[in-house]
Amino acid sequence: MSKQIKKFLRKNIRFCDVGARWGLGEPWVDIKHYLDVIYFEPDAEEYESLKTKMKDGDLGFDCALYSSSKKINLNLTKARECSSLLKPNYDIIKNYPDELLEMYKIDKKISVNAKSLDQISKENANFNMDFMKLDVQGAELEILKGGENFLSENIIGLEIEVEFQKLYVDQPLFSDIDIYARDKLNLELFDISKHYCKYKTGINKFSKKGQLVFGDALYLRSPFK
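Now for a quick tour of the structure. Every value quoted in this text rests on a predicted model; they were computed, and no experiment measured them.

Here we come to the packing of aromatic side chains. Each pair of aromatic rings is reported with the distance of its centres and the angle of its planes. On inspection of all chains with the given rule, the structure shows 9 aromatic pairs. Aromatic side chains Phe40 and Phe61 sit 4.8 Å apart centroid to centroid with 10 degrees between the ring planes, which places their arrangement in the stacked category. You can see Phe40 sitting in strand S2 (residues 35–40) and its partner Phe61 sitting in strand S3 (residues 59–61), a full 21 residues away along the chain. Grouping residues by exposure puts Phe40 and Phe61 together as buried. Relative to Phe150, the ring of Phe127 lies with its centre 5.3 Å away and its plane at 40 degrees, an arrangement referred to as tilted. Highlighted residues: Phe127 in the loop between helix H5 (117–123) and strand S7 (131–134) and Phe150 in helix H7 (residues 148–154), separated in sequence by 23 residues. In this structure, Phe127 and Phe150 share a single accessibility class: buried.

Set out below in C-alpha cells:
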C-alpha cells in the first residue's frame with residue numbers, strides 16, 4: 001500500500017478547493033464535517049465572503065494557483081463562475097446558445113497574485129493535503145505543472161474539470177490533462193462525468209443530447225503501487 005494512502009487513513013481528509021467561489025459544492029458539502037479545507041480564491045471580494053464560511057481547521061489563500069509565482073490578469077465574466085485566467089474563446093462559444101455567450105462576456109479584468117503549489121509548500125512547512133478539487137476554467141494544467149513535486153508526493157486523489165472543446169483561448173483539453181496526471185503524478189482515471197451542449201442552429205432538431213463539451217474527471221492513486 002502506498003505511503004500516501006497509509007497517511008490518508010490515519011486522519012481527517014485534508015481537502016483543497018481550488019476555484020472555491022461560493023464555498024464547497026456537491027458532493028463535498030455533504031461531508032464537510034469530515035473535511036479540513038484549504039481554499040484558494042484570487043477574487044478579493046469573493047475571498048472575503050469565503051472567510052465567513054471557514055471553520056476551525058480550514059485554511060485560506062487569497063491568490064491564484066499557477067505554474068509559477070507572478071502577477072497575472074483574472075478575467076471576471078458576467079457569470080462569475082466562468083471567470084478565468086484565460087480569455088473566453090468566442091469563436092467557439094458563439095456556436096452555442098446565446099445565453100452561454102452572454103455568460104462568458106468579460107465584465108472586468110483584475111490583477112491578482114499567482115503562486116505555484118511547489119512554492120507554497122516550500123514557504124509553509126506544515127502545508128499538506130490529501131485530495132484536490134480543481135475547477136479554474138482552463139488553467140488546470142498550469143496548476144498541476146506548478147505543483148508536480150508536491151502533488152506526486154502527497155495527494156491520494158484529484159477531481160478536475162476537463163474540457164473537450166476549447167471554451168478559452170489556448171486551453172488544454174482532456175487529453176492533455178490525462179497524459180500529465182498519469183505520467184507526471186502517477187494517478188489513474190477512475191471516473192468521469194460528462195456534460196453536453198447543443199449548437200444553437202440545431203437546438204430544436206435531432207438528438208437532445210448535443211456535443212460533449214466538458215466534464216469532471218476523478219483521478220485516484222492506485223493502492224497497488
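Picking up after the structure, the text goes on.
Another aspect to go through is unusual backbone geometry. Glycine aside, a negative phi is what most residues show, and trans is what most peptide bonds show. The omega torsion across Glu26 and Pro27 is 0 degrees, close enough to zero to call that bond cis. Counting through the fold element by element, Pro27 comes out in the loop between strand S1 (13–18) and S2. With a phi angle near 60 degrees, Asn186 is a residue other than glycine that sits in the positive phi range. As for its placement among the helices and strands, Asn186 is situated in the loop between helix H8 (174–183) and strand S9 (188–197). Taking relative accessible area as the criterion, Asn186 reaches 38% and is therefore assigned partly exposed.

If you walk through the whole model with that rule in mind, you get 13 salt bridges. A salt bridge links Arg21 to Asp43; its shortest N-O distance comes to 3.0 Å. With Arg21 in the loop between S1 and S2 and Asp43 in the loop between S2 and helix H2 (44–51), this residue pair connects regions lying 22 residues apart in the sequence. Note on Arg21: relative accessible area 15%, which makes it buried. Exposure remark for Asp43: the relative accessible area of 8% places this residue in the buried category. For Asp107, the salt bridge is made with Arg80, and the minimal N-O distance between the two is 3.1 Å. Here the residue Asp107 occupies a position in strand S6 (residues 106–115), and Arg80 occupies one in the loop between strand S5 (70–77) and helix H3 (90–93), the gap between them amounting to 27 residues. Of the residues examined, Asp107 reaches a relative accessible area of 43% and is grouped as partly exposed. A cluster of three or more residues bridged by salt bridges with shared partners is formed by Arg21, Glu41, Asp43 and Glu46.

Quick look at H8 now. Turning to H8, its buried residues are Phe174, Ile177, Asp178, Tyr180 and Ala181. Buried-residue contacts for H8 involve helix H6 (140–146), H7, strand S8 (157–163), S9 and strand S10 (211–220).

Turning our eyes to something else, we now look at the sheet that holds S8. Within the open sheet, the 7 strands sit side by side as S3-S2-S1-S7-S8-S10-S9. Their pairing is mixed. Of all the strands in the sheet, the pair left with one neighbour each is S3 and S9. Shown here is a sheet whose adjacent strand axes are inclined to one another by a mean of 15 degrees, direction ignored. With 6 bridges connecting them, S1 and S2 associate as parallel partners. Directly across from Phe15, in S2, lies its bridge partner Val37.

When strand S4 (residues 64–65) meets S6, the two strands line up parallel, connected through 2 bridges. Bridge assignment links Ala64 to a residue of S6, and that residue is Ala114. Relative to S6, S5 runs antiparallel, the two sharing 8 bridges. Counted as the bridge partner of Lys71 is Asn113 from S6.

Applying the stated criterion to the full structure yields 1 cavity of 30 Å³ or more. Each pocket or cavity is described by its volume, and for the largest cavity that value is around 40 Å³. Counting residues per element, the lining of the largest cavity draws most heavily on S8, at 3 residues. Class assignment for the residues of the lining of the largest cavity results in 3 nonpolar, 2 polar and 3 charged.

Calculation notes
- Residues numbered from 1 in each chain as written.
- Predicted model: local features only at pLDDT ≥ 70, side-chain atom pairs only at ≥ 80, totals over all residues.
- Heavy atoms only, no water.
- Phe/Tyr/Trp six-rings, centres within 6.5 Å; stacked < 30°, edge-to-face > 60°.
- Helix = DSSP H or I, 4+ residues; strand = E, 2+ residues; numbered from the N terminus.
- Buried < 20%, exposed > 50% of the residue type's maximum accessible area, 1.4 Å probe, protein only.
- Salt bridge = Lys/Arg side-chain N within 4 Å of Asp/Glu carboxyl O.
- Contact = heavy atoms within 4.5 Å.
- Pairing = 2+ DSSP bridges.
- Axes fitted to C-alpha atoms, helices over the stretch in contact; angles between N-to-C directions.
- 1 Å grid on protein atoms, 1.4 Å probe; cavity = no way out; pocket = protein on both sides within 12 Å on 5 of 7 lines; lining within 4 Å.
- Points joined across faces, edges and corners; volume = space filled by probe spheres on them.
- Nonpolar A, V, L, I, M, F, W, Y, C, P; charged D, E, K, R; others polar.

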